[in-house]
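Here is how the chains run, residue by residue.
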Amino acid sequence: MSRTTLPVLPRVAKGAKPRTELEAHVAAYRGRTHAVGTISFGAACELETVSKLISTFVRAFCPRDGLRVRVSRGTRSEVLGIRFSQTASISATQLERGGSVELSESELDMPREPLWCMMRPLFWVMSRTPAPEEEAEDRARLSFGWCIARPGPERAQLAISEAMNAMVEAAAEAKDCLAALVTAQGRPLTLNASVLPYEALANTAGRAEDARWLRRHVRSPGWRVLVPKMRASALSRPPPPSVSLQRVRSGLLVGAAVPTPFALTTTEEMETWLLPVAGP
């Protein structure tokens, strides 16, 4: 593969494993078939606020007959008989208990493979409690993600993008938001296939739950990406013409100057500008 096809990546750390499957990861990074989002919160987050944000966002995509629900905790996993309705909520109490909740129009008792959410919106939330040997600040307290296949009509793409932009803006203004990203890629993202293509290319996969790392890095460039407050000063000023900035409670919300993540074509300027906070 020609090096010119790779995105701008951080240097590989000494002793790191060599990058593999480059073509597949580059194709996924440059693809625009699925809109994806990931948001993480730290130990000081307010679960009541987060639960309201997540519930409002999911309800915006909830069909009339509701979304199927799978809850998991420890080794137990169960698809519930009741569906998530247009008036339902994921409660703060539920998040406090820990575990995960997945919601989708698709059948959730099928094998957990990325292809099963190709066409239907999928949402998941994972909340964690520190292990006895961990400090609360070591891991992200809560993570929320979604995957939405690209709709055909431009009007639908704009509507989805407006909802995702509103969600990430609200999350970035919430207490102890560690990371936030909205972008589009060429393969689905799920709870069990949650590594972003850029992470695979940059050798930063496995950092998504590392709260201390997230406070100093971004997981990937994208259509909207939160640069944590602790590292905002590491970026050069001014940003390139293709990049917009919005100051938020948690840092800087960086945006690509296109109306939807599906329209994101030129990324080199953003990749270069974000390189100081991209890892490893």
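Every value quoted in this text rests on a predicted model; they were computed, and no experiment measured them.

Caption draft 1: Highlighting the sheet that holds strand β7 (residues 177-185). Strands sit in the order β3-β2-β4-β5-β6-β1-β7-β8-β10-β9 across an open sheet of 10 strands; the sheet is antiparallel. A single partner strand is all that each edge strand has here, and the edge strands are β3 (76-79) and β9 (243-248). For this sheet, the mean angle separating the axes of adjacent strands, direction not counted, is 15°. Strand direction decides the pairing type here: strand β1 (residues 34-41) and strand β6 (residues 142-149), joined by 8 bridges, are antiparallel. Within β6, the position partnered with Ser40 by the bridge is Ser143.

Caption draft 2: Spotlight on helix α4 (residues 154-172). Between the first and last C-alpha of α4 there are 27 Å, a value that for 19 residues agrees with the 27 Å anticipated at 1.5 Å per step. Those residues of α4 lying buried are Gln157, Ile160, Ser161, Met164, Asn165, Met167, Val168, Ala171 and Ala172. Projected onto a plane normal to the axis of α4, the buried residues spread over an arc of 165° and lie on a single side. Turned more than 90 degrees from where α4 packs its buried face, Arg155 and Glu162 sit exposed.

Caption draft 3: Just the packing of aromatic side chains, in detail. As enumerated under the stated definition, the model contains 7 aromatic pairs in all. The interplanar angle of 85° and the centroid separation of 6.0 Å between the aromatic rings of Phe57 and Phe123 together place this pair among those described as edge-to-face. Remark: Phe123 occurs in strand β5 (residues 122-127) and Phe57 occurs in helix α2 (residues 47-59); sequence separation between them is 66 residues. By the burial criterion, Phe57 is buried, and Phe123 matches it. Members of the aromatic cluster, joined through ring pairs, are Phe57, Phe61, Phe123, Phe144 and Trp146.

Caption draft 4: How the structure looks around the pairing of β9. Where β9 lies against strand β10 (residues 251-256), 6 bridges are found, and the strand directions are antiparallel. Considered in β10, the bridge of Ser244 is made with Gly255. Hairpin geometry of β9 and β10 is characterised by an intervening segment of 2 residues between the two adjacent antiparallel strands.

How each quantity is defined
- Residues numbered from 1 in each chain as written.
- Predicted model: local features only at pLDDT ≥ 70, side-chain atom pairs only at ≥ 80, totals over all residues.
- Heavy atoms only, no water.
- Pairing = 2+ DSSP bridges.
- Helix = DSSP H or I, 4+ residues; strand = E, 2+ residues; numbered from the N terminus.
- Axes fitted to C-alpha atoms, helices over the stretch in contact; angles between N-to-C directions.
- Expected span 1.5 Å × (residues − 1).
- Buried < 20%, exposed > 50% of the residue type's maximum accessible area, 1.4 Å probe, protein only.
- Arc of directions from axis to C-beta.
- Phe/Tyr/Trp six-rings, centres within 6.5 Å; stacked < 30°, edge-to-face > 60°.

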